[in-house]
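Reading the structure
Below, each chain spelled out in residue letters.
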Amino acid sequence: MNVLEFTTLVGIVSAAAGFLGALTGLGGGVVITPALVLLLGVDLHYAIGATLVSVIATSSGAASAYVREGFSNIRIGMFLEIATTVGAVCGAHAAAKISPGALGIVFGVVLMYSSWLSIRRRPAPHPDAPPDPLATRLRLDGAYPTPQGLKPYKVSGVKTGFSLMFVAGTLSGLLGIGSGAVKVIAMDQAMRLPFKVSTTTSNFMIGVTAAASAGVYWSRGYIDPGLTMPVVLGVLAGSVLGARQLAEASSRILRWVFAAVVGALAIEMIYNGLTGKL
Amino acid sequence: MISDQKVDNIIGSLLRFGVILAATVVALGGAWYLIRHGFAHPSYHAFVGEPSDLRSLDGILGGIRTLHARSIIQLGVLLLIATPVARVAFSVAAFAMQRDRTYVVITLVVLAVLLFSLAGYGGK
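Just so it is clear, the structure is predicted and the values come from calculations on it, not from any experiment.

Within chain B, the regular secondary structure consists of four helices and zero strands. Taken over the C-alpha trace, chain B has a radius of gyration of 18 Å; the compact-globule value for 124 residues is 14 Å, which it surpasses by more than 25%. Along the first, second and third principal axes, the C-alpha atoms of chain B reach 55 × 30 × 25 Å. By the burial criterion, 38% of the 124 residues in chain B qualify as buried.

Below you can see the structure in the form of structure tokens.
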């Protein structure tokens, strides 16, 4: 296989991942690294570096639209980014120390979880929890647009949310993923934000989190231009197409397809990690 | 006083501009890379790490002067990494204009972590 064929193949795989990621709302990053490693035999470190860069691209691209629509809460995002960026630097630092096998196993477990998340039913809207005084002091409470006009909301569980964000950042730096799933849990379940505010603010934060670890990966020589180019361009193209196709009717089937693909990758990742093939 | 809505709009435009610019540079460098090296054989099976001229800004700029395709792509990658950093830097200014001292400090902490990691102190 020459460079031209390899680049085309990586571009197609990345576009497919970006497309599915945008349709299911889970992001494509979590699929690309295992696909590159398992299907194309790319070294895990190179795959993580390239994926991390593509995560910045899709997150920033999508965030530019959400921010203008007024869903993302920038104060919440900024405040929680302290936790995610510090976590990301720690994670990127740890990635160099951990053996590829162990890294593969952690990756597999995260994939398993993503697979489950994509097929479970979205939890029912949560009952109101007591607002957190810390949220008032930090002016985190906000309002978001609904068809009936701006709807205000209060924020709870600031400390729990902040701690979970550190975990999200660490996973992001360790595995080169956006870890949007953990971010949404922190904001949706712990801080009790409206679902749309959680997902868009999470998306807004992913770019900054990924940039924090990308710096470490870049200066350590994990980001290869020849591999990163088709990954970034493929994922961007796929996610732009995916965002335009957001048809609810077919998304149920797509979620199952996504879950099956991710589940299979998870098992293979863990198996390869255990048998020392990574 | 600058309103939150206006800040949101500027941040949105900043992000969009950064991504489009970075993707264009990556695509141009990528096309040149394929023209130059399309029939070579890639090797990503074993990790060797990038040469030092692709790991520093000086090295990349030097490579661009000699039209080195991989350096052009790497510049695009760097622009992409710089996009969220620029967004955070803009937020510092926006919160300062709103005289929101708490958030100026919070945003400066995030900016410091980002610059710290980009400068290569995050661990070698």
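The number of helices and strands found in chain A is 11 helices and two strands. Secondary structure elements of chain A, listed N to C terminal, follow the sequence α-α-α-α-α-α-β-β-α-α-α-α-α. By the compact-globule yardstick of 19 Å for 278 residues, chain A fits well, its C-alpha radius of gyration being 18 Å. With the C-alpha coordinates of chain A rotated into their principal frame, the extents come out at 55 × 40 × 30 Å.

Another aspect to go through is the pairing of strand E2 (residues 149-153) of chain A. Residues and elements named next belong to chain A. Burial analysis of E2 places just zero of its five residues in the buried class, which makes it a mostly uncovered element. Here strand E1 (residues 142-146) pairs with E2 via five bridges, running antiparallel. If you follow Ala143 over to E2, its bridge partner there is Pro152. In textbook terms, the turn of a hairpin is the stretch between consecutive antiparallel strands, and for E1 and E2 this stretch comprises two residues.

For the rest of this paragraph, the subject is the interface of chain B and chain A. Residue-level contacts link 54 residues of chain B with 54 residues of chain A. Only helix H1 (4-37), helix H3 (69-97) and helix H4 (101-118) of chain B provide two or more residues apiece to the side of chain B that touches chain A. In terms of residue class, the side of chain B that touches chain A is made up of 29 nonpolar, 19 polar and six charged.

Let us look at the environment of A:Ser99. All names here are of chain A. Inspection of the secondary structure assignment puts Ser99 in the loop between helix H4 (74-97) and helix H5 (100-119). In this structure Ser99 comes out as exposed when scored by C-beta crowding, with 11 C-beta atoms within 10 Å. With 36 residues separating them along the chain, Ser99 and Ala63 place their C-alpha atoms 34 Å apart.

Turning to the packing of helix H7 (residues 158-175) of chain A against helix H8 (residues 180-190) of chain A, a few remarks are in order. For any two helices packed against each other, the geometry is given by the interaxial angle and the distance between the axes. Residue and element names in this part refer to chain A. Direction vectors running N to C along H7 and H8 enclose 170°, while the axes themselves pass 8 Å from each other. With respect to their mutual orientation, H7 and H8 come out roughly antiparallel. Residues Thr160, Gly161, Leu164, Met165, Val167, Ala168 and Leu171 of H7 lie in contact with H8, whose contacting residues are Val182, Lys183, Ile185, Ala186, Met187 and Ala190. Of the residues in the contact of H7 with H8, the class split is 10 nonpolar, two polar and one charged.

As for its position among the elements, A:Leu138 is in the loop between helix H6 (133-137) and E1. The class of A:Leu138 is partly exposed, set by 18 C-beta atoms lying within 10 Å. For the pair A:Leu138 and A:Ile76, spaced 62 residues apart in the sequence, the C-alpha separation amounts to 8.7 Å. For A:Leu138, the residues in contact, after removing those within four places along its chain, are A:Phe79 and B:Thr102.

Moving on, we come to helix H9 (residues 195-219) of chain A. Here H9(A) spans 36 Å end to end across 25 residues, near enough to the 36 Å set by a 1.5 Å rise per residue. For H9(A), the principal kink sits at A:Met205 and spans about 25°.

What follows is about unusual backbone geometry. Phi is positive for A:Ser179, close to 45°, though the residue is something other than glycine. Within the secondary structure, A:Ser179 sits in the loop between H7 and H8. Residue A:Ser179 is classed as buried on the basis of its C-beta count, with 34 C-beta atoms lying within 10 Å. Even without a glycine there, the phi angle at B:Arg99 is positive, about 55°.

Within the fold, A:Gly157 resides in the loop between E2 and H7. Distance in space between the C-alpha atoms of A:Gly157 and A:Gln189 is 9.0 Å, their sequence separation being 32 residues.

Residue and element names in this part refer to chain B. H3 packs onto H1 with a crossing angle of 175° between their chain directions and a minimal axis gap of 7 Å. Looking at the two axes, H1 sits roughly antiparallel to H3. Classifying every residue of the contact of H1 with H3 by side-chain character gives 23 nonpolar, six polar and three charged.

Residue and element names in this part refer to chain A. Along H8, 10 of the 11 residues are buried, which leaves the element largely enclosed by surrounding structure. Among the residues of H8, Gly180, Ala181, Val182, Lys183, Val184, Ile185, Ala186, Met187, Asp188 and Ala190 are the ones counted as buried. As for H8, its buried residues are in contact with H5, H7 and H9. Just downstream of H8, Arg192 is the residue with a positive phi angle, here 55°.

Cut-offs applied
- Residues numbered from 1 in each chain as written.
- Chains lettered and ligands numbered in written order.
- Predicted model: local features only at pLDDT ≥ 70, side-chain atom pairs only at ≥ 80, totals over all residues.
- Helix = DSSP H or I, 4+ residues; strand = E, 2+ residues; numbered from the N terminus.
- Rg over C-alpha atoms; globule rule 2.2 N^0.38 Å.
- Buried ≥ 20, exposed ≤ 12 C-beta atoms within 10 Å, placed from the backbone.
- Pairing = 2+ DSSP bridges.
- Contact = placed C-beta atoms within 7 Å.
- Nonpolar A, V, L, I, M, F, W, Y, C, P; charged D, E, K, R; others polar.
- Axes fitted to C-alpha atoms, helices over the stretch in contact; angles between N-to-C directions.
- Parallel < 35°, antiparallel > 145°, perpendicular 65-115°, else oblique.
- Expected span 1.5 Å × (residues − 1).
- Bend = angle between axes of the 7 residues up to and from the residue.

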